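If you want the building blocks of each chain, they are given just below.
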Amino acid sequence: MSLDALEGRTLTLYTKAGCHLCEHAMAALQRLRAEIAFEIQQRDIERDPDLLAAYFDRIPVVSLDGVELCDGVVDEDLLRGALLARAV
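Residues numbered from 1 in each chain as written. Predicted model: local features only at pLDDT ≥ 70, side-chain atom pairs only at ≥ 80, totals over all residues. Heavy atoms only, no water.

### Regarding the nonpolar core
- Leu11, Leu29, Phe38, Val62, Leu79 and Leu83 are the most contacted members of the largest nonpolar core, which has 17 residues in total.
- Elements with a minimum of two residues in this core: strand 1 (10–15), helix 1 (20–33), strand 3 (61–64) and helix 3 (76–86).
- With five residues, helix 1 is the single largest residue contributor to this core.
- Beyond its immediate sequence surroundings of up to four residues, Val62 is in contact with Leu11, Thr12, Leu13, Leu29, Val67, Glu68, Leu69, Cys70, Val74 and Leu79.
- Counting residues in each nonpolar core, the second largest holds eight residues, with Cys19, Cys22, Leu51 and Ile59 among its members. (Core = buried A, V, L, I, M, F, W, Y, C linked by side-chain atoms within 4.5 Å. Buried < 20%, exposed > 50% of the residue type's maximum accessible area, 1.4 Å probe, protein only. Helix = DSSP H or I, 4+ residues; strand = E, 2+ residues; numbered from the N terminus. Contact = heavy atoms within 4.5 Å.)

### Some details on the pattern of salt bridges
- If you walk through the whole model with that rule in mind, you get seven salt bridges.
- A salt bridge links Glu35 to Arg80; the shortest N-O distance between them is 2.8 Å. Taken together, the residues span a long stretch of sequence, with Glu35 in the loop between helix 1 and strand 2 (39–44) and Arg80 in helix 3 at a distance of 45 residues.
- Across the pair Asp77 and Arg80 runs a salt bridge whose closest N-O atoms are separated by 2.8 Å. Of this pair, Asp77 and Arg80 both sit in helix 3, separated by three residues, roughly a single helical turn.
- Since its relative accessible area comes to 58%, Asp77 is described here as exposed.
- Among the charged side chains, a salt-bridge network with shared partners connects Glu35, Asp77 and Arg80. (Salt bridge = Lys/Arg side-chain N within 4 Å of Asp/Glu carboxyl O.)

### Comments concerning the sheet that holds strand 2
- In space, the four strands of this open sheet follow the order 2-1-3-4, with mixed pairing throughout. What marks the edges here is a single partner per strand, and that holds for strand 2 and strand 4 (67–71). Geometrically, the sheet is characterised by an average inter-axis angle of 25 degrees between neighbouring strands, direction not taken into account.
- The pairing of strand 3 with strand 4 spans four bridges and is classified as antiparallel. Its bridge partner being in strand 4, Ser63 is matched across the sheet by Glu68.
- Each of strand 1, strand 2 and strand 3 is contacted by helix 1, which is oriented at about 165 degrees to strand 1, the strand it contacts most.
- Each of strand 1, strand 3 and strand 4 touches helix 3; the most contacted strand, strand 4, lies at about 160 degrees to it. (Pairing = 2+ DSSP bridges. Axes fitted to C-alpha atoms, helices over the stretch in contact; angles between N-to-C directions.)

Put into structure tokens, the structure is as follows:
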């Protein structure tokens, strides 16, 4: 399996200011990124009314290629598995 195949992959973290769970989620993504190469895109739900309506009571939410993988609590094992499955 080549981890180079993960280049260009982006995990999107839906978040908002003052969200302590979002801070924990970002820390988890950064730990995971130390193992596997991928980009992290943060989206502030308070800047977009549609995102605010969709994610207000669910943040943090993490998605990969538009597919939601986690909400509330980040499951590092699940994300690792999803990222590595893309490298096969």
